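# Observations on the model geometry
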Amino acid sequence: ERFEQSIAYNEKHQEDTLIIADSDEYKFCVAADFHVKTTANTLTKYIKLTANTPSILFSSILGDITDQKGGLAIAFDSINNNNKGNSIIRILAGNHDIYFNQWHEYHQLFGSSTYFFIVKTPNTSDLFIALESTTGSLGKLQKEWLENILLEKRNQHRYCIILTHTNFFDTELSQFPSGNFSLEETAFLTTLFSIHNVDIIINGHDHTSDYSELN
């Protein structure tokens, strides 16, 4: 249901699929797991930093915006009130964002959690794919959508970057069992990413820094 609602949203917001860069080299910022409660101090700092730094083309929030009911609205207000320059922000849902039946509110406030967008530069372009991984599985429909996107679009672009909330390789168990990918699905996805030359996968979820290279 979440995937289908995301795709329906995408079809109405085609203008969100293209970001124009004035150079072949550009910067973007990624953060996750703000866990907004009654205040959004850390999120506000992030929005002010990224929105007021001209060299940052866009920023992204990879889920767990909140961890309690009502936090999504507080986060939404923080983003809108502090993004004075209307900088581009791409957002997807984390497992905490759908707790307490909050998916409907997330969808109303932030729209889609499964989508792709393209960064067009003067001489090339890059493909970014955001995946909804809140339950630790893409699900059949989203998996098929991902396969089609990679098959149809990957070869048209320089780099391919995958954005998800849930990480594919556990480095610690603090988040168990809320959204850990199964071994079988991880094997399937990493094989798929290798076949289609995905360059980078960026995740949140685990509250530790980890940089890994596969093969």
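Residues numbered from 1 in each chain as written. Predicted model: local features only at pLDDT ≥ 70, side-chain atom pairs only at ≥ 80, totals over all residues. Heavy atoms only, no water.

Turning to helix 6 (residues 183-195), a few remarks are in order. In an α-helix, one full turn covers 3.6 residues, which means residues spaced three or four apart are oriented alike. End to end, helix 6 covers 18 Å across 13 residues, agreeing with the expected 18 Å (1.5 Å per residue, within 8%). Along helix 6, the positions that sit buried rather than exposed are E185, T186, L189, T190, L192 and F193. Mapping the buried residues of helix 6 onto a view down its axis gives an arc of 160°, with all of them on the same face. Turned more than 90 degrees away from the buried face of helix 6, the exposed residues are L183, E184 and I195. Looking at the packing, one finds that the buried side of helix 6 touches helix 5 (140-153), strand 7 (160-163) and strand 8 (200-202). (Helix = DSSP H or I, 4+ residues; strand = E, 2+ residues; numbered from the N terminus. Expected span 1.5 Å × (residues − 1). Buried < 20%, exposed > 50% of the residue type's maximum accessible area, 1.4 Å probe, protein only. Arc of directions from axis to C-beta. Contact = heavy atoms within 4.5 Å.)

In this model, D64 sits at a positive phi of 50°, which is unusual for a non-glycine residue. Among the structural elements, D64 can be located in the loop between strand 3 (56-62) and helix 3 (71-82). Phi at H205 is positive, roughly 75°, even though this residue is not glycine. Along the chain, H205 falls in the segment after strand 8. Exposure remark for H205: the relative accessible area of 0% places this residue in the buried category.

Turning our attention to the pattern of salt bridges. Side chains that differ in charge, positive against negative, can pair when their charged atoms come close. Using the criterion set out here, one finds six salt bridges in the structure. Here E132 makes a salt bridge to R2, at a shortest N to O gap of 2.7 Å. With E132 in the loop between strand 6 (125-130) and helix 5 and R2 in helix 1 (residues 2-12), the pair connects residues that are 130 residues apart, well separated along the chain. Accessibility expressed as a relative area gives 6% for E132, which makes it buried. Note on R2: relative accessible area 23%, which makes it partly exposed. For the salt bridge of E147 with K143, the shortest nitrogen-to-oxygen distance reads 3.2 Å. Taken together, the residues span about one helical turn, with E147 and K143 both in helix 5 at a distance of four residues. (Salt bridge = Lys/Arg side-chain N within 4 Å of Asp/Glu carboxyl O.)

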